[in-house]
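Coordinate analysis (summary)
What follows is each chain in one-letter form.
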Amino acid sequence: MTAKASSDGLMEEIVGLCKRRGFIFPSSEIYGGYNGFYDYGPLGVELRNNIKQTWWRDMVQRRDDIEGLDSTIIMHPDIWKASGHVDGFSDPMVDCRESKLRYRADQLFFAPVIVAGETIGYVSVVECPEQQEIAEKAAADIKRKAAKQGTLDPIVLKDYTESKPEEYDLIPSPATGKPGSLTAPREFKLMFETKVGPLADESAVAYLRPETAQGIFANYKNIVDTGRVKIPFGIAQIGKAFRNEITPRNFIFRSREFEQMEIEFFISPNADWKTLHREWIDTCIDWLVSIGLPREGITEDIHPEDKLAFYSQATTDLMFQFPHGEQELWGIACRGDYDLMQHQKHSGKSMTIFDETSKEKYVPHVIEPSLGVDRTLLAVLTAAYTIDEVPNDKGKVEQRTLLKFSPKIAPVKAAIFPLLKNKPELVERAQALYKKLLRRWNVFYDASGAIGRRYRRQDEIGTPFGITIDFDTIEKDGTVTLRDRDTCEQRRVTEDELFQFLEEQIDG
Ligand code: GAP
């Protein structure tokens, strides 16, 4: 798949801001970092928790047809045999024998360089938005060095899984630029293995789950037996997943330890699954927009029928314009009865349900909306990151960096400022309001520095509202100044109006 054009430098700016202000750090940084692992700092963990809580509230608590679950990360290894992960969950990889670097074969592109009908060499490039330009430039270099006359054929890139055995030795390694060191594509298992119990032999092998979904299927019968659900219904789970990705990259977009928010929505085998699938796609788009992603940044990628997994009836990915290009954010798949049938076969336990409406007994089919927490967080950061120009305290126009987070997910909901820190009556009043607000929301108190500087510090971490206590508050009517992060507009409100406004904006 080819990524659409990236926004130059945006990813570096987001990574820099995340480190500087305590959103995200590379894991084990004091030991040089650990590829594919990231830690969330004080603001990152707030943002992450708010995304998860909002999803849980909207998908589980505010719906009467979805139940929650929290299953273990390590489960009986037979679950992964039944699901097909032990045999089939792998990516094609290719090694460079010389540099020892490893690539995902479907992310390594190559093309023959053909001049006047003769193949004079090959070019290769690792998937990136500029891959076509890079390959064309390399092909022109090869032609020039070979001093060949004639027209260069168009460079048609294919991924390495499509290469023929006789081409392996001709395609240059992207690491060395020379042919002869790339291996044939080989399947690379993505599940992390561990050992459970005192034995160290094969019988002790277990896996860190690569998706939360199988925990749902394994508990489906338990939840049906509680008698709380009737078809159609869903089971939702948020939790860690682990994949030994060959090429973790693009910050937290593809990592080796990440978190998923998944729903398995069980429907009758006779239901109009196409309509229900469409409804889920729309629900997912609406939810992304509700947490602040621009509608125009979300597109649908419908998997072609001939590329679907054998058990899948349809899959649509919601794509988002990330800094490194347009990529998958949310997968919404119709998986038929594949998973439940597999578990019925391997466990010997019946997965049938009695449908009270149709009076039939069957193994239900499933629609699976599956979303990554970390990818959502990167999408939210991408959409929120803004640079604009506003006047400072002295009226001079200055550039500012701000994160336009929706108040629902912003790590800090409001900042409370006494206008001056050396006036005890202002400080006392501001502290009292701060403590009152703190009982309901994550708010911040800041008394140091010029008021304009204090606003900027909050703008940069995406705090939507600034509340200033000034002399009018204590000497006149008790009103405070409420400042909007995005427009910088200020208005005076009473304490009651302030609480009502914040409630609508944050909890609405
Ligand atoms: N149960 C289905 C499933 O796991 P998937 O497309 O492999 O499907 C679902 O993953 C979602 O999980 C993706 O759309 C993405 O948001 C997130 N995800 C998958 N692999 C990831 C990785 N290595 N790093 C971060 N997020 C990932």
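If you're wondering where the values come from, they're calculated on a predicted model, not measured in any experiment. (Residues numbered from 1 in each chain as written. Predicted model: local features only at pLDDT ≥ 70, side-chain atom pairs only at ≥ 80, totals over all residues. Heavy atoms only, no water.)

**Comments concerning the site of the ligand**
Surrounding the ligand, one finds 18 residues, the nearest of these being Glu211, Arg243, Glu245, Glu262 and Glu328. One of the side-chain N or O atoms of Arg243 is found 2.8 Å from an oxygen atom in the ligand. A distance of 3.1 Å is found between a nitrogen atom of the ligand and a side-chain nitrogen or oxygen belonging to Glu368. Notes on the ligand: free accessible area 560 Å², of which the protein chains cover 88%. Only strand S13 (257-267), strand S16 (325-336) and strand S19 (365-372) provide two or more residues apiece to the shell around the ligand. At 4 residues, the largest contribution of residues to the shell around the ligand is made by S19. (Near = heavy atom within 4 Å. Polar contact = N/O pair within 3.5 Å; in protein donor to acceptor, adjacent residues only side chain to side chain. Areas by Shrake-Rupley, 256 points an atom, 1.4 Å probe, with all protein chains shown as cover. Helix = DSSP H or I, 4+ residues; strand = E, 2+ residues; numbered from the N terminus.)

**Thoughts on the nonpolar core**
Among the nonpolar cores identified, the biggest contains 58 residues, and Trp55, Trp287 and Trp330 are the most heavily contacted of them. In this structure, Trp55 is in contact with Val60, Ala236, Gln237, Ile238, Met261, Glu262, Ile263, Trp287, Trp330 and Leu371, ignoring residues within four places of it in sequence. Core analysis: the second largest hydrophobic core is formed by 22 residues, Ala414, Ile416, Leu426 and Val493 among them. (Core = buried A, V, L, I, M, F, W, Y, C linked by side-chain atoms within 4.5 Å. Buried < 20%, exposed > 50% of the residue type's maximum accessible area, 1.4 Å probe, protein only. Contact = heavy atoms within 4.5 Å.)

**Quick notes on the pairing of strand S6 (residues 108-115)**
Among the 8 residues that make up S6, 6 are buried, leaving the element largely enclosed by the rest of the structure. Relative to strand S7 (residues 118-126), S6 runs antiparallel, the two being bridged by 8 bridges. Across the sheet, residue Ile114 finds its bridge partner in S7, namely Thr119. Where S6 folds back onto S7 in an antiparallel hairpin, the turn is made up of 2 residues, including Ala116, whose phi is positive at roughly 45°. Relative to strand S8 (residues 158-159), S6 runs antiparallel, the two sharing 2 bridges. Residue pairing for S8: Phe110 is matched across the bridge by Lys158. (Pairing = 2+ DSSP bridges.)

**Describing the sheet that holds S13**
What links the strands of a sheet is backbone hydrogen bonding, and the strands pair in either a parallel or an antiparallel sense. The mixed open sheet is built from 7 strands, whose spatial order is S3-S12-S13-S19-S16-S15-S14. Of all the strands in the sheet, just strand S3 (66-69) and strand S14 (298-302) have a single pairing partner and so form its edges. Across the sheet, the axes of successive neighbouring strands diverge by a mean angle of 25°, strand direction being ignored. Bridge count for S3 against strand S12 (residues 233-242) is 4 bridges, and the pairing is parallel. Residue pairing across strands places Glu67 opposite Ile235, the latter belonging to S12. On the sheet, helix H7 (residues 273-290) packs against S3, S13, S14, strand S15 (314-322), S16 and S19 and is oriented at approximately 145° with respect to S16. (Axes fitted to C-alpha atoms, helices over the stretch in contact; angles between N-to-C directions.)

**Some words on unusual backbone geometry**
With omega at -5°, the peptide bond leading from Ile231 into Pro232 counts as cis. Looking at the element boundaries, Pro232 is found in the loop between helix H6 (213-225) and S12. With a phi close to 60°, Asn250 is a non-glycine residue in the positive phi region. On the basis of relative accessible area, Asn250 is assigned to the partly exposed category, the value being 27%. Of note in the backbone geometry, Cys488 takes a positive phi value of approximately 65° without being a glycine. For Cys488, the position within the fold is in the loop between strand S25 (480-484) and strand S26 (490-493).

**Considering the packing of aromatic side chains**
How two aromatic rings sit relative to each other is given by the distance of their centres and the angle of their planes. Enumeration according to the criterion identifies 21 aromatic pairs in this entry. Summarising the aromatic geometry, the rings of Phe417 and Tyr455 are spaced 5.4 Å apart at their centres and angled 75° between planes, so their arrangement reads as edge-to-face. Of this pair, Phe417 sits in strand S22 (residues 414-418) while Tyr455 sits in helix H11 (residues 451-460), and the two are 38 residues apart along the sequence. With a relative accessible area of 0%, Phe417 lands in the buried category. Overall, the relative accessible area of 9% leaves Tyr455 in the buried class. Ring pairs connect the aromatic residues Phe110, Tyr122, Tyr160 and Tyr168, which therefore count as one cluster. Stacked on the ring of Tyr455, the Lys or Arg Arg483 has its end atom at 4.2 Å from the ring centre. In this arrangement the basic side chain of Arg491 is found over the ring face of Phe501, its NZ or CZ atom lying 4.9 Å from the centre. (Phe/Tyr/Trp six-rings, centres within 6.5 Å; stacked < 30°, edge-to-face > 60°. Lys NZ or Arg CZ within 6 Å of the ring centre and 35° of its normal.)

**Section: a nonpolar patch on the surface**
A cluster of nonpolar side chains, Ile73, Ile74 and Val196, forms an exposed patch at the surface whose accessible area comes to about 220 Å². Along the chain, Ile73 falls in the loop between S3 and helix H3 (77-82). The exposure class assigned to Ile73 is partly exposed, which follows from its relative accessible area of 30%. (Patch = residues over 30% accessible without salt bridge, like charges linked within 9 Å, V, L, I, M, F, W, Y side chains within 5 Å. Salt bridge = Lys/Arg side-chain N within 4 Å of Asp/Glu carboxyl O.)

**Considering the pattern of salt bridges**
Considering all chains together, one arrives at 35 salt bridges under this definition. In this structure, Arg456 and Asp459 form a salt bridge, with 3.9 Å as the shortest nitrogen-oxygen distance. On the criterion of helical spacing, the pair formed by Arg456 and Asp459 is a turn pair, its members being 3 residues apart in helix H11. Assessed through its relative accessible area of 18%, Arg456 is described here as buried. A salt bridge links Asp459 to Arg483; the nearest nitrogen and oxygen atoms lie 3.1 Å apart. Remark: Arg483 occurs in strand S25 and Asp459 occurs in helix H11; sequence separation between them is 24 residues. When sorted by exposure, Asp459 lands in the same class as Arg483, which is buried. One continuous salt-bridge network, built from bridges that share partners, spans Asp388, Arg400, Arg456, Asp459 and Arg483.

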